[in-house]
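Examination of the molecular architecture
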Amino acid sequence: MYLESIEDNNMVYSVDMIRLKTYITYGEFSNLEFLINSVYKDKVKKMWLSDRVMCFKYNYTIELEEGRSFYFGFHCNNEKLQFFKNDVKYNLTLEFNPNKIKDAPLLLHILGMSGDWYLRSLDLAVDLKINILDLILSKTGKRTLKSLSNGFDDKTYYIGTGDRRIKIYNKKKESNLKDVNELTRVEVSVQFDDFRLIDIKSFKLPEELFPEVYINDYLYTFSDYKDKTMLALLYAVQSGFPIDDLSRRYKEKVKELFKGGHQIRFSRKTADEVIRRTVFHYFMPNELVRWH
């Protein structure tokens, strides 16, 4: 199921999507196109040209088999084309899901076309062995929290937009996994300003990246019955009422009750390590990158 993963505190961390960038010449790209059109022609799901600013001139979606595809684009249209200069290099960007593509020969070939890659973005996945209905979420800060429900536990939550956006959904139902009990995925999307992969050993994710999530297994005590309002609000939150819709005072009080042994503790250290392992998996064995 995973290319590289780490289990920590009953949670499994992996990289669900990664976007990399490098620079190659038109001659090198022509060789890649020849390879695709001769050997992998039947794997080209879509090929298109674009003249839109900030988009790529040449775009390919390669489908190795159903449900296993990756994308690459060459020559961003904001890069000035320098005619008659064969040694000029242009942007080649590659996006794929390591857990699905794994060690596909064409992917490895493209990665081997350069020794200097940059990390542009990635989706970090954390799989919780718990039903999504047993979670209580808080959006934290000024970010928005939206939910989509198709009934019962077929639910999806979205926290924030753009960089550091979070998606929480029923992975068991989404992937039709019949051999697992319960599985909820927390997916965090992070963007980077061209982080060079030769520096991956020192890679660290930003602070305050993970959502505030609690397990809905709080047991009432005798002291809880002293504050009837608090008891009613606690019951409402455990029954599905959004914790962020409470007043600030009661929101803090409810959170304090959950924080003891009920808050899910995500590990940035573990997340950093699984990202490094994923990069090492692709580059270290073949010495595609000039590691320090």
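Attention here is on the structure that accompanies the text. Throughout this document, residue positions are counted from 1 along each chain, in the order its sequence is written. Where totals are concerned, whole chains, interfaces and linings use all residues; where local detail is concerned, this predicted model gives features only for residues with pLDDT of at least 70, and gives and counts side-chain atom pairs only at 80 or more. With hydrogens and water stripped out, all remaining heavy atoms of the structure feed into the side-chain values.

**What about the state of the cysteines?**
Any two cysteine sulfur atoms lying within 2.5 Å of each other are counted as a disulfide. Under the counting rule described, the total for this entry stands at zero disulfides. Not part of a disulfide, C55 finds its nearest cysteine sulfur in C76, a span of 7.6 Å. Judged by its relative accessible area of 8%, C76 is buried. Summary of the burial criterion: residues with accessible area below 20% of their type's maximum are buried, those above 50% are exposed, and those between are partly exposed, where the area comes from a 1.4 Å probe applied to protein chains only.

**Describing the pattern of salt bridges**
A pairing counts as a salt bridge when a side-chain nitrogen of Lys or Arg comes within 4 Å of a carboxyl oxygen of Asp or Glu. Counted according to the given criterion, the structure contains 18 salt bridges. The closest approach of N and O atoms between D51 and K57, which form a salt bridge, is 2.7 Å. Its relative accessible area of 25% is what places K57 among the partly exposed residues. The residue R120 makes a salt bridge to D194 at a minimum N-O spacing of 2.8 Å. Here D194 lies in strand β12 (residues 184–196) and R120 lies in strand β7 (residues 118–128), a separation of 74 residues in the sequence. The partly exposed category is assigned to R120, whose relative accessible area is 32%. Salt bridges sharing partners connect three or more residues here, namely D16, D127 and R185. Comment: elements are numbered from the N terminus, with helices defined as DSSP H or I runs of at least four residues and strands as E runs of at least two.

**Focus: a nonpolar patch on the surface**
Residues form patches when they are more than 30% accessible in relative terms and have no salt bridge. Like charges link within 9 Å. Nonpolar side chains (Val, Leu, Ile, Met, Phe, Trp, Tyr) link within 5 Å. Note on areas: Shrake-Rupley, 1.4 Å probe, and residue coverage restricted to the protein chains presented here. The grouping of L81, F83 and F84 at the surface amounts to a nonpolar patch, some 410 Å² of accessible area in total. Summarising the element assignment, F83 is placed in the loop between β5 (68–76) and β6 (89–96). Take F83: its relative accessible area is 58%, and that puts it in the exposed class.

**What about the pairing of strand β4 (residues 56–65)?**
Taking burial as the measure, the 10 residues of β4 include seven buried ones, the bulk of the element. Relative to β4, strand β3 (residues 44–49) is paired through five bridges, and the arrangement is antiparallel. Bridging across to β4, V44 finds its partner in I62. With antiparallel pairing between neighbouring strands as the criterion, β3 and β4 make up a hairpin whose turn holds six residues, including M54 at a positive phi of roughly 70 degrees. A pair of strands is treated as paired once DSSP finds two or more bridges between them. Bridging between β4 and β5 involves eight bridges; their strand directions are antiparallel. Paired with I62 across the two strands is F70, which belongs to β5. The turn linking β4 back onto β5 is made up of two residues, and G67 within it adopts a positive phi angle of 85 degrees.

**Remarks on the nonpolar core**
Across soluble globular proteins, nonpolar side chains show a tendency to be buried alongside one another. Working definition of a nonpolar core: buried Ala, Val, Leu, Ile, Met, Phe, Trp, Tyr and Cys residues. They are joined through side-chain atoms within 4.5 Å. Residues F70, F72 and F266 are the most contacted members of the largest nonpolar core, which totals 64 residues. Excluding anything up to four places from it in sequence, F72 contacts F29, L32, I36, Y58, N59, Y60, I62, L92, T93, L94 and I110. If you look at the next biggest cluster of nonpolar residues, it comprises 10 residues, including I136, V237, I243 and L246. Contact criterion: two residues are considered in contact whenever any of their non-hydrogen atoms come within 4.5 Å of each other.

Everything listed here is a matter of coordinates, which is why it stays silent on function.
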